[in-house]
Every structure is written in C-alpha cells, then in structure tokens.
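Reading the structure
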Amino acid sequence: EKGIDYDKLIRDFGSAQLTKDHLARIERLTGKAAHHFLRREIFFSHRDIDFILDTFESGKPFFLYTGRGPTSEAMHLGHLVPFLFTKYLQDVFDVPLVIELTDDEKFLFKKDLTLEETNRLAHENAKDIIACGFDMKKTFIFSDLEYMGSSQAFYRNVLKVQKRVTVSQVNAIFGFDNSCNIGQIGFPAVQAVPSFSSTFPQIFGEGSNVPCFIPCAIDQDPYFRMTRDVAPHLGWHKPALVHSVFFPALQGQEKKMSSSVPTSSIFLSDSPKDIASKINSHAFSGGKATAEEHRKTGGNTDVDVPYQYMRFFMEDDKRLQELKEGFEAGTILSGEMKKELISVLQPLVAEHQKRRAAVTDEIVKEYMNPRPLQFLTKAD
C-alpha cells in the first residue's frame, strides 16, 4: 500500500499549496497559534486564501461555510475533521458560520432513504456538530428540506446557478449519466448557493456580497469549482477554499469508510471497548511481518493507520515526532503504535459523547432557527 500523492492532486485540481508564509500570516493576523491541522499539512491546499486574509486584514467581514450529508445517526472520526477545523477558524477569526445539512441530497442519491428519515438523520447529526462547540450567536445550522422550503432568497439563488450550468458541464464534473434522476443533476446548485451571502438575508442583509471561506476535504472541490465558475457571472465573490487530506479507513487508504461497515472507522458512538477492539483487530499497520524484521528495517508511517490517525488527533507535536522516528527506525513496534492511538481516542470520543448528551432537541432548534448572527456589518 502506498500513500496518496497530494502534490499530484494539487496539480490535477489546479489548486495551490498552503505555505509556511500562510501559516505565519494567520498567526500574525489572529494572534493565535496555527492549528495542528495546518502545522501538519492536514489542510494542505487552497483556492484564494490570500483574498480571505486580505479581506480580514482590511477590517472587512467574511463568513465560513461547511456541511454534512446525513446518511446515518453516528458520525465517524473522519466526519469530525472539517468541523474541528471550522471551529478553530470561527474562534480565531471571530466570524459567522453556516452549516448545510443536505438531507435532500441523500434522499435523491440513496435509494432506500425516505425524506422523513434523511431529515431525522440531519437533526441527529446536528447534535454531533453542535457538540464540537460552535458559538450559537455566530452559527446557523440548516436542513435543506426545511430552509429552502421557507426561504425565497435560497431558492432564487439556486435557480440563478442552475440556469448558468449546462447538463454537459454537470455531467463532466460529477460523472452523471442517463441513469441518474433529474434531482441528482440539479442538486449541485443547492450545495453551491450557501457560498453566497445573499442566500442568507436574515444574517447578511438583502443583496449582500460578503466573501465566503470553505474548509472541506479535497474530494469536495468539484462542487466548488463549478460554484467559482458561476459566481462572477452573477456578480458574486468566488468562494475561497482550504482542502484537507483524506481521512483513511481503519483498513488503510485503499479502503472506503462506510457507516454500514462498523469496523471501517471509529464512530463517535463507540465505547472505549469498541475503540480498543477495532484498533487492535482492524487498524492497518505499516510495520513489517515479524518483530525481528521490523526492528531491522523499520516501518512506513505513510501508510500506518495508527500513526495517520494520531497526526489528526494527537495534540503533542513532540510525542508524535518521537513515535514517527521510533516506528521508522524499528524501535517502536506496531502494537505500541496501536496502544498509543487507543490512549488518544478513548478520552476524545468519551468527551464528545458527554457534550453530545447535553445537546437537547430544543438546543438543536435554536441553532437551526433562521435569525440574525453577530457580524461586523450587515452588507458589503
């Protein structure tokens, strides 16, 4: 198994690499240390981050946008990554955030899911998202089924984007064919329009044009390339993006995480016993076949899942470096890497569960109520 070539992805996608200069500038502008996701190049690529930093430095507002497609009650650790990073961005830049729950998308793309079920799952997932600690005064979480049905501004912007994108364009970007239902072909516009502040007049005012910054995994980039192509034609700012690497399945980068395969990842509902059992039994090791061989030639941290998970979730840079060097030198064995990962994830997941348990249906309603948010200015 080989690691993913992210330099090639940057070239193929036409994005740009995040640099140490970007990190230094973020630290200077915010007065806060860069998140370890930035230091460790977990968020590694961008489109127009300089525009967002220029906007902030000049005292003008921007807003954050991220989302989740609800297909199961339990989210896994990979789903947590963009939300943890978005929480950091909200805190250090002190900006509003919109979070889209695409229950309509999952109804269209998942044959067995009903509208009622996808909407219920959206509300369940909202509890996990709220448990990340987003500031209610600056955060609007919305279900597409609920918000688009009640917002003229949202639906009007969807129509403006849909009129600008041809079927051949959308087929080329997303790989749609004649077997797809027409709802699927039209859906990308629904994910596009939260990038535009005029979709949220209750937050930004009528006809506003506040820049948007989107943290997402790099596989979400095609949606926003389409959005960025359309934006200038409609007189709107192109959304800026920052991309993360892929979060590996327990079985390694080659395998896919799935809510229907419990052993493919650590879920936010897993017990301490589940976490230990999954890691010991299923986490792909970059070590050698025998301890003797491993001590002689060392392991490969590029594909070792315990090390890769610790890159995401271990706060201590020094300890992470010690583990990397020891594993690659052969002085730290696969079992020790797994044990260290278990000691990181068990408290992290348990603390998340405790926060989630405190999120009532009433609190979810408050976050999902369309309302003004705290913001520097109401219009561009």
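Just above, that's the structure.
Numbering of residues begins from 1 in every chain and follows the order in which that chain's sequence is written. In keeping with the predicted nature of the model, local features appear solely for residues at pLDDT of at least 70, side-chain atom pairs appear and are counted solely at 80 or more, and the whole-chain, interface and lining totals rest on all residues. Values shown for side chains rest on all heavy atoms present in the structure; no hydrogens or waters enter the calculation.

**Considerations on the environment of Pro248**
Summarising the element assignment, Pro248 is placed in the loop between β7 (240–244) and α15 (272–282). The spacing of Pro248 and Ser265 is 17 residues in sequence and 8.4 Å in space, taken between C-alpha atoms. Setting aside chain neighbours within four positions, we find Pro248 in contact with Gln253, Met257, Gln308, Tyr309 and Phe312. Strands here mean DSSP runs of E at least two residues long; helices mean DSSP runs of H or I at least four residues long; both are numbered from the N terminus. Residue contacts are defined here by distance: any two heavy atoms, one from each residue, within 4.5 Å place the two residues in contact.

**Points about the nonpolar core**
Ranked by size, the top nonpolar core spans 75 residues in total, and within it Leu77 and Leu345 carry the most contacts. Looking at this core, the element that brings in the most residues is helix α5 (residues 77–93), giving nine residues. Sequence-distant contacts of Leu77, that is, excluding residues within four places in its chain, are made with Phe247, Ser265, Ile266, Leu268, Tyr309, Phe313, Leu345, Leu348 and Val349. One finds Phe142, Val158, Ile203 and Ile214 within the second-largest nonpolar core, a separate group that totals 33 residues. Only buried residues count toward a nonpolar core. Its members are Ala, Val, Leu, Ile, Met, Phe, Trp, Tyr and Cys residues joined through side-chain atoms within 4.5 Å. Classification of residues uses two cut-offs on accessible area relative to the type maximum, computed with a 1.4 Å probe and protein chains only: under 20% is buried, over 50% is exposed, and between them is partly exposed.

**A few points about the pairing of strand β6 (residues 212–217)**
In terms of burial, β6 is a largely internal element, five of the six residues being buried. Should DSSP find at least two bridges between two strands, the strands are taken to pair. Sheet analysis places strand β3 (residues 63–68) next to β6, joined by two bridges and oriented parallel. Bridge pairing in β6 places Phe63 opposite Cys212. Judged from the five bridges that link them, β6 and β7 form a sheet pairing that is parallel. Looking at the pairing, Ile214 lines up with Leu241 of β7. Taking the sense of rotation as the criterion, the β-α-β connection linking β6, helix α14 (residues 221–230) and β7 turns out right-handed. Throughout, right-handed denotes a crossover for which the path from the first strand over the helix to the second runs clockwise when the strands point away from the viewer.

**With respect to the pairing of strand β4 (residues 97–101)**
By the criterion of burial, β4 is predominantly enclosed, with five of the five residues buried. In β4, alternate side chains face the same way, and those of Leu97, Ile99 and Leu101 on one face and Val98 and Glu100 on the other are all buried. Where β3 meets β4, five bridges bridge the pair, whose relative direction is parallel. Residue pairing across strands places Thr66 opposite Ile99, the latter belonging to β4. Bridge count for β4 against strand β5 (residues 139–143) is five bridges, and the pairing is parallel. Considered in β5, the bridge of Glu100 is made with Phe142.

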